[in-house]
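Here are the chains, one letter per residue:
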There are 2 protein chains.
Amino acid sequence: MDKIKIQLDESDIPRQWYNLGADLPTPVLPPLGPDGKPISPDMLAPVFPMNLIEQEVSTERWIDIPEEILNILYRWRPTPLKRAVYLEEHLKTPARIYYKDESYSPPGSHKPNTAVAQAWYNKEFGIKKLTTETGAGQWGSALAFGCKLLGLECKVFMVRISFDQKPFRKIMMQVWGANCVASPSNETNAGRKILEEMPDTPGSLGIAISEAIEAAVTDKGGKTRYSLGSVLNHVLLHQTIIGLEAKKQLEKAGEKLPDIVIGCAGGGSNFAGLSFPFVAEKIDGADIKILPIEPTACPTMTRGPFAYDFGDTACTTPLLAMYTLGHAFVPPPIHAGGLRYHGMAPLVCQGIVEGLLEPRAYDQRESYKAAVTWAGTEGAITAPETSQAIAAVIDEAEKAKAEGKEKVILFNYSGHGLMDLSGYDAYLSGKLTDYPLPDKELEKYTADLSKLPKAEMRKSGKW
Amino acid sequence: MDKIKIQLDESDIPRQWYNLGADLPTPVLPPLGPDGKPISPDMLAPVFPMNLIEQEVSTERWIDIPEEILNILYRWRPTPLKRAVYLEEHLKTPARIYYKDESYSPPGSHKPNTAVAQAWYNKEFGIKKLTTETGAGQWGSALAFGCKLLGLECKVFMVRISFDQKPFRKIMMQVWGANCVASPSNETNAGRKILEEMPDTPGSLGIAISEAIEAAVTDKGGKTRYSLGSVLNHVLLHQTIIGLEAKKQLEKAGEKLPDIVIGCAGGGSNFAGLSFPFVAEKIDGADIKILPIEPTACPTMTRGPFAYDFGDTACTTPLLAMYTLGHAFVPPPIHAGGLRYHGMAPLVCQGIVEGLLEPRAYDQRESYKAAVTWAGTEGAITAPETSQAIAAVIDEAEKAKAEGKEKVILFNYSGHGLMDLSGYDAYLSGKLTDYPLPDKELEKYTADLSKLPKAEMRKSGKW
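Cut-offs and rules
Residues numbered from 1 in each chain as written. Chains lettered and ligands numbered in written order. Predicted model: local features only at pLDDT ≥ 70, side-chain atom pairs only at ≥ 80, totals over all residues. Heavy atoms only, no water. Helix = DSSP H or I, 4+ residues; strand = E, 2+ residues; numbered from the N terminus. Rg over C-alpha atoms; globule rule 2.2 N^0.38 Å. Contact = heavy atoms within 4.5 Å. Lys, Arg positive; Asp, Glu negative; His and termini not counted. Charge placed at Lys NZ, Arg CZ, Asp CG, Glu CD. Pairing = 2+ DSSP bridges. Buried < 20%, exposed > 50% of the residue type's maximum accessible area, 1.4 Å probe, protein only. Axes fitted to C-alpha atoms, helices over the stretch in contact; angles between N-to-C directions. Least-squares fit on C-alpha atoms with pLDDT ≥ 70 in both. Polar contact = N/O pair within 3.5 Å; in protein donor to acceptor, adjacent residues only side chain to side chain. Buried area = accessible area lost by both parts, 1.4 Å probe. Salt bridge = Lys/Arg side-chain N within 4 Å of Asp/Glu carboxyl O.

Participant: Residues and numbers for the overall build of chain A, please.
Facilitator: Looking only at helices and strands, chain A has 19 helices and 15 strands in total. Taken over C-alpha atoms, the radius of gyration comes to 21 Å for chain A, in line with the 23 Å a tight globule of 463 residues would show. Across chain A, the fraction of contacts at a sequence separation of at least 24, relative to all contacts at a separation of at least 6, is 77%. Here chain A contributes 50 positive and 57 negative side-chain charges, whose respective centroids are spaced 1 Å apart.

Shown next, in the form of structure tokens:
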């Protein structure tokens, strides 16, 4: 029997985060303000603390992880790298499949890696309270956790329909001391306006973002800021600890570099966290296939145009250069709630433009099929988001079998599915549906992008 | 910062289970049949496979763990021993608190340690299908998991009220391929009889046990057996891997033996699993305080008489010598469902009779208070059962502080609470109640025990 778990000691934990922005041959296009001109760091100051804004625009390759943050992460980090020998046996593949188990964090996913870091930097900056939005509650519970451990107040605007239908994540947030309200709420102008117009609205992530930002910037004491769980450069940065650990662990397992790196991508943070240290190797000449995986129901990277677009539905954020389905896109009700986002992290998008990353889309049912295979072999019940990555892993392992090649596949097991079991129920009882995006819908939602500043697709032509 | 996680390599996993029965100065009294005479192994053969019956009655101190079982356990074992430095800091205690994190198993608790072993031994014996009962679903999901990995069929009779109110554990079982039905069901004589008399009954663990045993023994092919998740000697045996790992890990951490060992106890298996290897040290002369913890609502060990009693409500099992609240005891609706059992493992009970173990009871609200302190310091959300142990840990750590002593406390973190969040909601909103057992209730339920054979309290007098 091969070794299943490759563990690291706490003393082996990475002491710096990796900033891909420093190494991309062509830089990410700058965020633009309402006037179409690049925004300055100062313009973000009411929303984020200056130390995180500095990280957001940093061109340093390596950024030190404060010792105090590591001391918090030790609760669950370094996470094990595991070898999926049981799945390999089941598939009879010559591929060696490794996965980074990020489900070990108390909230159950990779999200706390940045939640803890953001809470720490805000506290350093004198901030007393963070606001955020959450859909199904994965991010809200991670930020509640981070704030609790650092003694910050936390306010979460949770999309109404999830607040009502998924009470358990809300209870998690409350256990960690957060104040979680249904959005739209009566606590902000944005919320009150929507409630007046549509008292029965189920809410949306776009509305919740507007409420969370308003609650942060209108705080009279100036001690409140907003926190985002994905998309932005500094969020992706904090997640690179995953890939940096994985590199050390693969080495410990006697492997050189992986042939294939896979992660699911909604806003891009778990994918980036695992893959960016390997993208650096690819830039340096290594032959690695790097696959961000998304749902066919929300095919941002595989079918969306590369364009400047707003990060939220309400058009309150700066314009970001990214693949996008249009900020008004209404994603179908797939169970992988974390992958229902119209855009994608600009750093990931620029990697795609450069040809460093090869996005791929999977149907919901194929993902659940992969998840059930996983549960029956490796044993664990995976998050619906992660199951998208597993579908791609199984595909690549079968390809390796057909080719008779000993490929090394690495993927991010971004979270467990214990809070999201209803999708399994639907799948097992044959009630699950796929939602491939019709061309006409895509055209409808992306039509208005031409009215915004044009995003130039710059590439070095090396890949 | 001290070391948080003390990890073991897979090559360090214990290769034998420890049988406390071989070392107790006074043996456990034999189980009795309906005629009041000790039962023979043959009488159990329709219910359990002979290889497990041999383990049940074994007097060997060490029993080899088959390599094939270890190969399954490697999915999550060895589990880390963790030091609760964040709780220590919060309490400002000189005590060093260590815990064995059994929440790492895919079903989320210690239960799979025996589920996998039982499934393996049954398969070895030629059995194709296992039946069992489950209350809230913790044990049912563990056995479903074990059967799936070994290719056995699994049938779970789940108490009707839990089946209806807690659909998520049922979905877990289905993901692992088990057939889970509400009990009472129409599939057994026992179930049909109850349904005729009380069509709207919420069901009970007693009824579900009767159904599961009937379904096993009436199987025409003879290839079906019954499986129990606690109480019996062989079940406790399989759990001793927890304490054996913990001993190695404490040594690795530079500790000798713990001063205090703590575990919650419903049927006794997680408590026994951690503590029995340390009970052996105590028998050999070590000075260790060993505390099984139970709820005041179901105070089997602290208030029940030591007597022969049935293991189930329906009086179908052999009589076991144990502390008991009477087989007809109806436990109040505390959230720690795994601790709502009228009896206790005979091995644990004999340890109490001998004075080796010192049981203690905690109220539900005090346990939830401890769980919320834990979530805010160590970070994780604990199972309601485990929170009872944490309440005792906090008490002992505060005692060590008052005495200014550097005590080493070890406890079993038997499971996470992600599937049991409603109790937290009730606690946080002030709706949680304690249910101390009134004397009159205790008298009522234990009155009939005098009609059964008397259990002699034999003790060596050494403790």
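Participant: Give a detailed account of the sheet that holds strand 11 (residues 289-295) of chain A, specifying residues and quantitative values.
Facilitator: Residues and elements named next belong to chain A. One open sheet accounts for seven strands, arranged 1-4-5-15-10-11-14; its pairing is mixed. Edge positions in the open sheet fall to strand 1 (5-6) and strand 14 (360-362), since each of these has one partner strand only. In terms of strand pairing, strand 10 (residues 260-264) meets strand 15 (residues 408-413) through three bridges, oriented parallel. Following the sheet pairing, Ile 262 is matched in strand 15 by Phe 411.

Participant: Outline the environment of Ile39(A), supporting the account with residue identities and numerical values.
Facilitator: Residues and elements named next belong to chain A. Tracing the backbone shows Ile 39 in the loop between strand 2 (16-18) and helix 1 (41-44). On the accessibility criterion, Ile 39 (17% relative accessible area) is buried. Expressed as a C-alpha distance, the spacing of Ile 39 and Leu 319, which sit 280 residues apart in the sequence, is 9.3 Å. The residues touching Ile 39, leaving out its near neighbours within four places in the chain, are Pro 31, Leu 32, Gly 33, Leu 44 and Pro 318.

Participant: Which residues make up the sheet that holds strand 11 (residues 289-295) of chain B, and what values do they have?
Facilitator: Residue and element names in this part refer to chain B. Ordered in space as 1-4-5-15-10-11-14, the seven strands form an open sheet in which the pairing is mixed. Each having just a single partner strand, strand 1 (5-6) and strand 14 (360-362) make up the two edges of the open sheet. The strands that helix 11 (residues 241-252) touches are strand 1, strand 4 (81-83), strand 5 (96-101) and strand 15 (408-413); relative to strand 5, the one it contacts most, it runs at about 140°. Across the face of the sheet, helix 16 (residues 384-403) comes into contact with strand 5, strand 10 (260-264), strand 11, strand 14 and strand 15 while running at roughly 155° to strand 10.

Participant: Go over the relation of the copies chain B and chain A with me, naming the residues and quoting the values.
Facilitator: Its rotation angle being 180°, the transformation that places chain B on chain A also includes 0.0 Å of axial translation and leaves an RMSD of 0.0 Å. On this basis, the relationship between the two copies can be described by a two-fold rotation axis. Most of the interface of chain B is mirrored in chain A, where 100% of its interface residues again form contacts.

Participant: Explain the side chain of Glu245(B) to me, using residue names and the numbers behind them.
Facilitator: Residues and elements named next belong to chain B. Of note, Glu 245 is situated in helix 11. A polar contact of 2.9 Å, which involves the side chain of Glu 245, links it to the side chain of Arg 77. When residues no more than four places from it in sequence are discounted, the contact partners of Glu 245 are Leu 8, Ile 13, Pro 14, Arg 77, Pro 78, Thr 79 and Lys 100.

Participant: Give me the interface of chain B and chain A: which residues, what numbers.
Facilitator: Taken together, the 45 residues of chain B in the interface contact 45 residues of chain A. When the two sides are added together, the surface that chain B and chain A hide from each other amounts to roughly 3800 Å², 60% of it contributed by carbon and sulfur. By the criterion of area lost to chain A, the three top residues of chain B are Arg75(B), Val175(B) and Leu418(B), representing 16% of everything that side buries. A salt bridge links Glu10(B) to Lys5(A), with the shortest nitrogen-to-oxygen separation between them at 3.6 Å. Taken together, the links from chain B to chain A amount to 20 residue pairs in polar contact (both at pLDDT 80 or more).

Participant: Quick one: what's the story with the pattern of salt bridges, residue by residue and with numbers?
Facilitator: Taken as a whole, this structure holds 45 salt bridges over all chains when the rule is applied. When the shortest N-O distance is used, the salt bridge between Arg77(A) and Glu245(A) registers 2.9 Å. Of this pair, Arg77(A) sits in the loop between helix 3 (67-73) and strand 4 (81-83) while Glu245(A) sits in helix 12 (residues 241-252), and the two are 168 residues apart along the sequence. Arg77(A) gets classed as buried once you look at its relative accessible area, which sits at 0%. Here Glu245(A) falls in the buried class, since its relative accessible area comes to 0%. Of the charged contacts in the structure, one is a salt bridge between Asp164(B) and Arg160(B), with a shortest N-O distance of 3.3 Å. Of the two residues, Asp164(B) and Arg160(B) both sit in helix 6 (residues 160-165), four residues apart, roughly one turn of that helix.

Participant: Give me the lowdown on the pairing of strand 5 of chain B, citing residues and values where you can.
Facilitator: All names here are of chain B. Of all six residues in strand 5, six are buried, a share of seventy percent or more. Burial along strand 5 is two-sided: the face carrying Arg 96, Tyr 98 and Lys 100 and the face carrying Ile 97, Tyr 99 and Asp 101 are both buried. In terms of strand pairing, strand 4 meets strand 5 through three bridges, oriented antiparallel. Within strand 5, the position partnered with Lys 82 by the bridge is Tyr 99. Where strand 5 lies against strand 15, six bridges are found, and the strand directions are parallel. Of the residues in strand 15, the one forming a bridge with Lys 100 is Asn 412.

Participant: Hey, could you go over unusual backbone geometry for me, with residue numbers and the actual values?
Facilitator: Among all residues except glycine, the phi angle is most often negative; among peptide bonds, the trans geometry is most common. In this structure, the amide linkage connecting Ser183(A) to the following residue, Pro184(A), adopts the cis form with an omega of 5°. The linkage connecting Arg77(B) with the following residue, Pro78(B), adopts the cis geometry, with an omega of -10°. If you trace the backbone, Pro78(B) turns up in the loop between helix 2 (67-73) and strand 4. The phi torsion at Val231(A) lies on the positive side, around 70°, for a residue other than glycine. Following the sequence through the fold, Val231(A) ends up in the loop between strand 9 (224-226) and helix 11 (233-239).

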